[in-house]
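This is what each chain is made of:
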Amino acid sequence: MQTFELHIKNMVCPRCVKVVHTILEKEGLPVQEVQLGKAVLAAAPDAAQLQSITAALAQEGLPLVDDKKQQLVEAIKNILITTIHHSPLFELRENFSTLLSARLHKDYHYLSSLFSEIEQITIEQYIIQQKIERVKELLMYDELNLSEIAGQMGYSSVAHLSGQFKKVTGLTPSQFKQLKEQKRRPLDAI
């Protein structure tokens, strides 16, 4: 059976998956699966449906991605977001370069070069930005102390986490917690 894949930019959370699923079903398309960055349909949409889907997704800030290189960069982002925001990093048994190479079946040096070329930052910088946003979220929840957050996020120590946090945000984690209006960035803006 022939399937049709749509590659979608800026999908960063379960809400994005739900929005995409709803848009596709509204168009009457046979949805097999929707995951971060991709929707799989049982059949290809016709031109009118594709135009309608493209417009509806763009209106939600989720544009379609046709370029193969951009699709690969989105796949890298989605793997990193899923790993950093939806699973405990202390359980990660491999480094990010090995994880990306294994999941995408590509050489890490190629992935790294492509990512830097398209995003204008390195994969490592992107990982740090994502980790800091996750730390901000955990600080806002106020359920874990800094030592527990450092452990959960895979930092070797509280000092390492605090140093990286200050370098990225300009604030210590304690100063960030004391802010009345905490400045978290939407994941699709990172």
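Residues numbered from 1 in each chain as written. Predicted model: local features only at pLDDT ≥ 70, side-chain atom pairs only at ≥ 80, totals over all residues. Heavy atoms only, no water.

Caption draft 1: Broad picture of the sheet that holds strand β2 (residues 31-35). The strand order β1-β3-β2 describes an open sheet built from 3 strands, whose pairing is antiparallel. Looking along the sheet, the strands with just one partner apiece sit at the ends: β1 (4-7) and β2. Strand after strand, the sheet turns through a mean of 15° between neighbouring axes, direction not considered. In this structure, β2 lies alongside strand β3 (residues 38-41), joined through 4 bridges in antiparallel fashion. Bridging from a neighbouring strand, glutamate 33 pairs with valine 40 of β3. Contacting β1, β2 and β3, helix α1 (residues 14-26) runs over the sheet at an angle of about 155° to β2. (Pairing = 2+ DSSP bridges. Helix = DSSP H or I, 4+ residues; strand = E, 2+ residues; numbered from the N terminus. Axes fitted to C-alpha atoms, helices over the stretch in contact; angles between N-to-C directions. Contact = heavy atoms within 4.5 Å.)

Caption draft 2: Region of interest: helix α2 (residues 47-59). Over its 13 residues, α2 extends 18 Å from the first C-alpha to the last, a length consistent with the 18 Å expected when each residue adds 1.5 Å. Residues Gln49, Ile53 and Leu57 constitute the buried set of α2. Seen end-on, α2 carries its buried residues on one side only, within an arc spanning 60°. Seen from the open side of α2, the exposed residues pointing more than 90 degrees away from its buried face are Ala47, Ala48, Gln51 and Gln59. (Expected span 1.5 Å × (residues − 1). Buried < 20%, exposed > 50% of the residue type's maximum accessible area, 1.4 Å probe, protein only. Arc of directions from axis to C-beta.)

Caption draft 3: Examining the packing of helix α6 (residues 123-141) against helix α8 (residues 158-169) more closely. Two elements in contact, α6 and α8, have axes whose closest approach is 10 Å; the angle formed by their N-to-C orientations is 105°. Between α6 and α8, the angle is such that the two are roughly perpendicular. The residues of α8 that touch α6, namely those facing Ile128, Ile132, Val135, Lys136 and Leu139, are Leu161, Gln164, Phe165, Val168 and Thr169. Grouping the constituent residues of the contact of α6 with α8 by class yields 7 nonpolar, 2 polar and 1 charged. (Parallel < 35°, antiparallel > 145°, perpendicular 65-115°, else oblique. Nonpolar A, V, L, I, M, F, W, Y, C, P; charged D, E, K, R; others polar.)

Caption draft 4: A look at the packing of aromatic side chains. What the rule picks out here adds up to 2 aromatic pairs. With 5.4 Å between their ring centres and 65° between their planes, phenylalanine 115 and tyrosine 126 make a pair best called edge-to-face. Residue phenylalanine 115 is located in helix α5 (residues 108-119), and its partner tyrosine 126 is located in helix α6; the two are separated by 11 residues in the primary sequence. We note that phenylalanine 115, like tyrosine 126, is buried. The interplanar angle of 70° and the centroid separation of 5.6 Å between the aromatic rings of phenylalanine 165 and phenylalanine 176 together place this pair among those described as edge-to-face. Here the residue phenylalanine 165 occupies a position in helix α8, and phenylalanine 176 occupies one in helix α9 (residues 173-178), the gap between them amounting to 11 residues. Classification of phenylalanine 176 by relative accessible area gives buried; the value is 2%. Above the ring of tyrosine 155, the side-chain terminus of lysine 131 is found at 4.2 Å from the ring centroid. (Phe/Tyr/Trp six-rings, centres within 6.5 Å; stacked < 30°, edge-to-face > 60°. Lys NZ or Arg CZ within 6 Å of the ring centre and 35° of its normal.)

Caption draft 5: Fine view of the state of the cysteines. All chains considered together, the criterion is met by 0 disulfides. The thiol sulfur of cysteine 13 is not disulfide-bonded, and the nearest other cysteine sulfur, from cysteine 16, lies at 3.5 Å. Classification of cysteine 16 by relative accessible area gives buried; the value is 4%. (Disulfide = S-S within 2.5 Å.)

Caption draft 6: Main features of the side chain of glutamine 71. Mapping glutamine 71 onto the fold places it in helix α3 (residues 68-86). Judged by its relative accessible area of 14%, glutamine 71 is buried. In this structure the side chain of glutamine 71 is engaged in a polar contact, spanning 3.4 Å, whose partner is the backbone oxygen of aspartate 66. Residues in contact with glutamine 71, not counting those within four places in the same chain, are His7, Val65 and Asp66. (Polar contact = N/O pair within 3.5 Å; in protein donor to acceptor, adjacent residues only side chain to side chain.)

Caption draft 7: Structural view of the confidence of the model for the protein chain. For the protein chain, per-residue confidence averages 90 on the pLDDT scale, and 93% of positions sit at 70 or higher. Mean pLDDT values over the elements of the protein chain span from 88, in α9, up to 96, in α5. (pLDDT = per-residue confidence, 0-100.)

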